[in-house]
Amino acid sequence: MSEPVMGVVVGRPPALRTFASLAAALSLLGVVTLSTPLLAADAAATVYSIESPKAAKSLMLDVVHAGKRLVAVGDRGHILYSDDQGRTWQQAKVPTRQLLTAVYFVDEQHGWAVGHDAQVLASTDGGVTWVQQFQDLKREAPLLDVWFKDTQTGYAVGAYGALLETTDAGQHWEDVGDRLDNPDQFHLNAITQVKDSGLFIVGEQGSMFRSADDGQTWERLEGPYEGSLFGAIGTGQAATLLVYGLRGNLYRSTDFGSTWEQVQLNAARGALEFGLSGASLLDDGSLVIVGNGGSVIRSTDHGQSFSVFNRADRISLSAVTAAGDGQLILAGQGGVRIATASGAELGQ
């Protein structure tokens, strides 16, 4: 396992968008305050991530597609990219050594990554090089997820109710957390788009928010679960999404979060009890969710039911996406790896 990233914990411990066993290692700090864009003078002091031949084996928290290219982000500011479906990885030049928690590409060239120090990084060349658009050291709390509507408009969410918005491709970011009915400043762990409905945010203590107007106004929802929710994903069907979190809790809604049904996950030795942390909607319409203890669950009926596979190595996983030939790319402890369609190690 990668060396833990530690900090001084102020107040209540947060719930990360990642799996429960890493929450303690990735302790978050501080309180949310209004931030300002990174100044040009700050760029002169930029410290880049250290190039390492072992980067692909270090802790990685997210992996996505930038067109046909794969891009992964994680510990020590490492960003990796692969042009051969994950068989080999190159390390990008990245202007930070802080933990990066999430990455999103709106097309094959334009992507954003977020992480500790409330950092936002941007790439316009498919993830090969990155610039720092935004950071706030005083905030002392990470951003945990990022989503873009197009190359201009996007949102980042994070600890202590952080919700940032840009309308100019990230050149300026505005703290718009006051749009949410979130007086307790619950940590916001994930943001996603739901087909034909709008945006959805989940977070600490089962908090849920939805927006039908691209993030301009938000409605707070009473969810079915009071524990932390680490992620949400649209199923590809109109108004239908899944939310997931601690101890294998997984819920499905077909009306944009107004009502919910629990999805039961039965593993070989009983109900799945590991936390779920990352998900992907594959091109064939199937859904794959991964989590702690090497859990990989897959649905071919838009999230109504799932098959459950627990990897023999029990390594904690935080993200998943498709590779070639029906295979998967898994990210988490021990880096990025290729797996079979079920999540097993190749050759098993």
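Our subject is the structure listed above.
All of these numbers come straight from a predicted model, not from anything done at the bench.

### Quick look at the overall build of the protein chain
Of regular secondary structure, the protein chain possesses two helices and 29 strands. Excluding contacts between residues fewer than 6 apart, the proportion of contacts in the protein chain whose partners are at least 24 apart in sequence is 49%. Of the roughly 14200 Å² of accessible surface on the protein chain, a fraction of 48% belongs to carbon and sulfur atoms.

### A look at the pattern of salt bridges
One pass over the full model with this rule turns up eleven salt bridges. Close ionic contact of E345 with R311 constitutes a salt bridge, the shortest N to O distance being 2.3 Å. One end of the pair, E345, is in the segment after β29 (335–339); the other, R311, is in the loop between β26 (307–310) and β27 (317–322), with 34 residues separating them in the sequence. For E345, a relative accessible area of 28% gives the class partly exposed. Within this structure, R311, D313, R337 and E345 form a network of salt bridges that share partners.

### Examining the environment of I315
Within the secondary structure layout, I315 lies in the loop between β26 and β27. The spatial distance from the C-alpha of I315 to the C-alpha of G293 is 5.5 Å, given a sequence separation of 22 residues. With near-sequence residues (within four places) excluded, I315 lies in contact with G291, G293, G294, Q333, G334 and R337.

### Comments concerning the packing of aromatic side chains
If you walk through the whole model with that rule in mind, you get six aromatic pairs. On the basis of an interplanar angle of 70° and a centroid distance of 6.0 Å, the ring pair of F200 and W260 is categorised as edge-to-face. With F200 in strand β14 (residues 198–203) and W260 in the loop between β19 (250–253) and β20 (261–262), this residue pair connects regions lying 60 residues apart in the sequence. Given a relative accessible area of 0%, F200 falls into the buried group.

### What about the nonpolar core?
The biggest cluster of nonpolar side chains holds 17 residues, and the ones touching the most others in it are F200, V202, M208, L229, L241, V243 and W260. Counting only elements with at least two residues in this core, the list comes to β13 (188–194), β14, β17 (229–234) and β18 (241–245). Look past the residues within four positions of V202 in its chain and what remains in contact with it is L188, N189, A190, S207, M208, L229, F230, G231, A232 and V243. By size, the runner-up hydrophobic cluster in this structure holds 15 residues, among which are A102, V114, L143 and V146.

### A closer look at the pairing of strand β15 (residues 208–211)
Judged by which residues are buried, β15 turns out to be covered on both faces: M208 and R210 on one side and F209 and S211 on the other are all buried. Alignment of β14 against β15, held across four bridges, turns out to be antiparallel. For I201, the partnering residue across the bridge sits in β15 and is F209. The antiparallel hairpin formed by β14 and β15 contains four residues in its connecting segment, where Q205 sits at a positive phi of about 50°. Across three bridges, β15 lies against strand β16 (residues 219–221) in antiparallel orientation. Paired with M208 across the bridge in β16 is L221.

Thresholds, definitions, all that
Residues numbered from 1 in each chain as written. Predicted model: local features only at pLDDT ≥ 70, side-chain atom pairs only at ≥ 80, totals over all residues. Heavy atoms only, no water. Helix = DSSP H or I, 4+ residues; strand = E, 2+ residues; numbered from the N terminus. Contact = heavy atoms within 4.5 Å. Areas by Shrake-Rupley, 256 points an atom, 1.4 Å probe, with all protein chains shown as cover. Salt bridge = Lys/Arg side-chain N within 4 Å of Asp/Glu carboxyl O. Buried < 20%, exposed > 50% of the residue type's maximum accessible area, 1.4 Å probe, protein only. Phe/Tyr/Trp six-rings, centres within 6.5 Å; stacked < 30°, edge-to-face > 60°. Core = buried A, V, L, I, M, F, W, Y, C linked by side-chain atoms within 4.5 Å. Pairing = 2+ DSSP bridges.

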